[in-house]
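# Inside the fold
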Amino acid sequence: TDDESKQEKTGGLTPDDSSPTYAAVLFAIAESPLEEGVIWTGSNDGLVHVTRDGGVNWVNVTGNIPDLPEWGTVSNVEPSRHEPGTAYVTVDFHQVGNTDPYVYKTEDYGASWRSLSAGIPRSVFSYAHVVREDPVRPGLLYLGTENSVFVSLDDGESWVELQSNLPHAPAYWLDIQPRFNDLVVATYGRGFWIMDDITPLQQLTDDVLASHAYLFEPRPAYRFLPKQARQSQPDDPGAGRNPTYGASLTFYLREVPDGPVRLRILDGEGLEIRSLNPESLRAGLNRLHWNLREASSKTPKLRSKPVEHSHLEMPDRGWRALGEGGRVRPLAPPGIYTVELTLGDLTLTQPLELLRDPNSDATAEDIELQTAMLREIRTAVDSVVALIDRIEWFRAELHLLSARVQGRGESTEILEAAEELEAALVELETLLADVRLTGGSARQDTLRWPRRLFAKLTSLAGYLGGTDHRPTDQSIEVLDVYQAQLAEYQLILESLTSGEIADFNRLLRRHGVAPLTTQ
């Protein structure tokens, strides 16, 4: 037979006879979200059909589409989420040498169509793959072409490129995640991309664009706690990246103002819990993220070299970091907050809903009790920092004074008294934070010496805030112990100020030397 002779000529191998299917293929099929039984299809040979009775009868509406060439690929059909009988289609002709975009809309089940392609820039990459209608705002459209994503605020009359940091790559599919209101882009060869929070686009109107400034109403934010990260191979090319944590706050500026711009977060009673200052601004849309943390506790500024490490140089700024402990940043509890934007005399506000983690088993009371205790620890940490800073100022003045009086006749008496006073200050400071810590110059410092009150308080806050649950009896008892120690150390410094420091200042005045600052 002919088949047998072919096998003999090929050594008994069967050649690969697979090839593309040239027959009609439905590239797109979509059901109306508004009307039962309304289904749209688009084929790879350029035909658009619609049924209004669940597929019993179909109508070919391709001939009603104006200026549509033959043999295109109907790459997607988008039934409207807002109006019955309305649908959008994209048709791709690049395989027949036509790279123009073809986007159409019907409002009468395909009886008539209008082109939405006029405002799309033409290029060799301008042919369209997919069009999507926003689920919230009628007339807000998203379009994926061979190298860009576009957005239209006026139902396709005009289009604006929506790239941001998205690579110029074929955008084959678009979807809108309804719960978080994110625009999801599937590219060819460059992975999946997500534009987080398109809420501002849904609120962007002509009135907004004409205004001096506008603060968009933010989408609700979820109060998630960090989870253990999944492990993967290093530099995994398939690994994605999570969105920025917290609440996305977006505002519009017609032009960059001369003065400062400030965002404040106010609680239900109108009290400020956090202030955000944008570092860079631009005309148009600007976005900041609030990480849902309240104002942070302070950290000490050490103005003397670490004890036993006099060889280390002080930074040019005049102070160094402690190198131990951290900051206490309470996570704001669920509730309704107010975002306040201030530009000069103009103040704009919007409500922000902070939602509880749906996977958390803690009660609202649990979270409130924990937040209250974290705020109490933050206050205690700030008090410790105030003590350390005050002691450090005394010590810094003593060091400057020693250099000033060196060589004077009365210097011996002053220097001996200064040495005794600093020893007493160092003894007290070591109870608050170990004065031998060098910060970043020796990573093992914190293992050599015991943790002091500052580090213990910040550590307690870290353990307490690791879950949503209420404070344990043990953590409350530990905080009581720390509070008692803090009160004791405050009394010691006051005693030093009214005693040894006051005596030392009288000595300085007797010798005509300016005293230490005690306020």
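Parameters at a glance
Within any chain, residue numbers begin from 1 and follow the written order of that chain's sequence. The predicted nature of this model means local features are confined to residues of pLDDT at least 70 and side-chain atom pairs, given and counted, to a pLDDT of 80 or more, with totals for whole chains, interfaces and linings taken over all residues. Side-chain measures here rest on the full set of heavy atoms in the structure, leaving out hydrogens and waters. Patch membership requires over 30% relative accessible area and the absence of a salt bridge. Like charges are linked within 9 Å, and nonpolar side chains (Val, Leu, Ile, Met, Phe, Trp, Tyr) within 5 Å. Method for areas: the Shrake-Rupley scheme with a 1.4 Å probe, in which residue coverage is limited to the protein chains shown. Here, a salt bridge means any Lys or Arg side-chain nitrogen found within 4 Å of an Asp or Glu carboxyl oxygen. Helix numbering and strand numbering both begin at the N terminus, where a helix is a DSSP run of H or I of at least 4 residues and a strand a DSSP run of E of at least 2. Classification of residues uses two cut-offs on accessible area relative to the type maximum, computed with a 1.4 Å probe and protein chains only: under 20% is buried, over 50% is exposed, and between them is partly exposed. For our purposes a nonpolar core is just a set of buried Ala, Val, Leu, Ile, Met, Phe, Trp, Tyr and Cys residues, chained together by side-chain atoms within 4.5 Å. Contacts between residues were defined by any pair of non-hydrogen atoms, one from each residue, lying within 4.5 Å. Note: two strands are recorded as paired if DSSP finds a minimum of 2 bridges between them. Helix axes are fitted to C-alpha atoms over the stretch in contact, other axes to C-alpha atoms as well, and angles between N-to-C directions run from 0 to 180 degrees. In a helix, the anticipated span is given by 1.5 Å times the number of residues less one. Asp and Glu count as negative and Lys and Arg as positive, but His and the ends of the chain are not part of the count. Charge positions come from single atoms, namely NZ of Lys, CZ of Arg, CG of Asp or CD of Glu. Pairing of aromatic side chains requires ring centres within 6.5 Å, counting the rings of Phe and Tyr and the six-membered ring of Trp. Pairs whose planes differ by under 30 degrees are stacked, by over 60 edge-to-face, and all others tilted. In our convention, an over-ring charge means Lys NZ or Arg CZ found within 6 Å of a ring centre and within 35 degrees of that ring's normal. Orientation is classified from the angle alone, with under 35 degrees giving roughly parallel, over 145 giving roughly antiparallel, 65 to 115 giving roughly perpendicular, and any other angle giving oblique. Each crossing is labelled by how the near helix is turned from the far one, with a counterclockwise turn of less than a right angle marking it left-handed and a clockwise turn marking it right-handed.

## Overview of a nonpolar patch on the surface
On the surface, a cluster of nonpolar side chains totalling about 370 Å² of accessible area is made up of Tyr172, Trp173 and Tyr188. Along the chain, Tyr172 turns up in strand 13 (residues 171-177). By relative accessible area, Tyr172 is classed as partly exposed at 38%.

## Some remarks on the nonpolar core
Formed by 44 residues in total, the largest nonpolar core has its most connected members in Ile377, Leu425, Leu457 and Phe504. Those elements that place two or more of their residues in this core are helix 4 (364-405), helix 5 (411-432), helix 7 (453-464) and helix 8 (473-510). In terms of residue count, helix 4 provides more of this core than any other element does, 14 residues in total. Apart from the residues within four sequence positions on either side, Leu457 is in contact with Ile377, Ala380, Val381, Val384, Leu479 and Tyr482. Leu225, Leu253, Leu288 and Val339 belong to the second largest nonpolar core, which has 24 residues in total.

## Some points on the sheet that holds strand 14 (residues 182-187)
Strand order in the open sheet formed by three strands is 13-14-15, and the pairing between neighbours is antiparallel. Each edge of the open sheet is held by one strand with a lone partner, namely strand 13 and strand 15 (192-195). Each strand axis lies, on average, 20° off the axis of its neighbour in the sheet, ignoring direction. The sheet contact formed by strand 13 and strand 14 spans six bridges and is antiparallel. Its bridge partner being in strand 14, Trp173 is matched across the sheet by Ala186.

## Examining helix 7
Taking 1.5 Å as the rise per residue, helix 7 with twelve residues should run 16 Å; its terminal C-alpha atoms sit 16 Å apart, in good agreement. Residues Leu453, Phe454, Ala455, Leu457, Thr458, Leu460, Ala461 and Leu464 constitute the buried set of helix 7. Looking at the buried residues of helix 7, the elements they touch are helix 4, helix 5 and helix 8.

## Structural notes on the sheet that holds strand 4 (residues 59-60)
Here four strands make up an open sheet; going across it, the order is 1-2-3-4 and the pairing antiparallel. Two strands close off the open sheet at either side, each with one partner strand: strand 1 (26-31) and strand 4. Direction of pairing for strand 2 (residues 39-43) relative to strand 3 (residues 48-51): antiparallel, over a ladder of four bridges. Bridging across to strand 3, Thr41 finds its partner in His49.

## Some details on a negative patch on the surface
The grouping of Glu376, Asp473, Glu477 and Asp480 at the surface amounts to a negative patch. By residue number, the principal contributor to the negative patch is helix 8, which donates three residues. Counting through the fold element by element, Asp473 comes out in helix 8.

## Regarding the packing of aromatic side chains
If you walk through the whole model with that rule in mind, you get seven aromatic pairs. With 5.1 Å between their ring centres and 70° between their planes, Tyr214 and Phe216 make a pair best called edge-to-face. The exposure class assigned to Tyr214 is partly exposed, which follows from its relative accessible area of 27%. By way of ring pairs, the aromatic residues Phe180, Tyr222 and Phe224 are connected into one cluster. Positioned above the aromatic ring of Tyr109, the side-chain terminus of Arg52 is 3.5 Å from the ring centre. Its guanidinium or amino end placed over the ring of Trp319, Arg317 lies 3.8 Å from that ring's centre, counting from NZ or CZ.

## Comments concerning the packing of helix 4 against helix 8
Where helix 4 meets helix 8, the closest approach of the two axes is 11 Å, and the angle between their N-to-C directions is 25°. Viewed along their axes, helix 4 and helix 8 adopt a mutual orientation that is roughly parallel. Helix 4 and helix 8 meet at a crossing whose hand is left-handed.

## A few points about the pairing of strand 5 (residues 73-79)
The buried count for strand 5 comes to seven of seven residues, which makes it a mostly enclosed element. Here strand 5 runs beside strand 6 (residues 87-92); their pairing, made up of six bridges, is antiparallel. From the neighbouring strand, Val74 faces strand 6, where its bridge partner is Val91.

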